[in-house]
Amino acid sequence: MEQYFIYDQRLGILLPKLEKDWEDYSDAEQQAILLRWEAIRGTIPDRIAELEKIINEKQDQLNDENDFERSCQLNSEIAELASVINDLWIWYRMNQTVSMRTHR
């Protein structure tokens, strides 16, 4: 089953990676892929919560930071984490079948 998914380092989850059109998979394969995707999709809110905790920690550091360069670095890290959260929400909300067709 893992041949249909690839780990996305940035997002920290497996994403669909199909080598052919969705309709070219058998019904059994489609069902297995969708079942696995649902399991992966179910972990996304927990992943988002982990990232939000890191953002909060970085914001606390930023509040106490007096060094301008370090403040800029923390702001950049916070922005990147927020971007990851946004992308995770997109994957979470995406229709299962559409996501399987569009991400190869």
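Residues numbered from 1 in each chain as written. Predicted model: local features only at pLDDT ≥ 70, side-chain atom pairs only at ≥ 80, totals over all residues. Heavy atoms only, no water.

Caption draft 1: Up close: the nonpolar core. With 23 residues, the main nonpolar core has Phe5, Leu11, Ile13, Ile33 and Leu88 as its most contacted residues. Listing elements by their share of this core, those giving two or more residues are β2 (13–16), α1 (27–41), α2 (44–64) and α3 (68–93). Ignoring sequence-local partners within four residues, the contact set of Leu11 consists of Arg47, Val84, Asp87, Leu88 and Trp91. (Core = buried A, V, L, I, M, F, W, Y, C linked by side-chain atoms within 4.5 Å. Buried < 20%, exposed > 50% of the residue type's maximum accessible area, 1.4 Å probe, protein only. Helix = DSSP H or I, 4+ residues; strand = E, 2+ residues; numbered from the N terminus. Contact = heavy atoms within 4.5 Å.)

Caption draft 2: Just the pairing of β2, in detail. Residues Ile13 and Leu15 of β2 are buried on one face, and the alternating residues Leu14 and Pro16, pointing to the opposite face, are buried as well. Pairing of strand β1 (residues 5–8) with β2 involves four bridges; the strand directions are antiparallel. Within β2, the position partnered with Phe5 by the bridge is Pro16. The turn linking β1 back onto β2 is made up of four residues, and Gly12 within it adopts a positive phi angle of 80°. (Pairing = 2+ DSSP bridges.)

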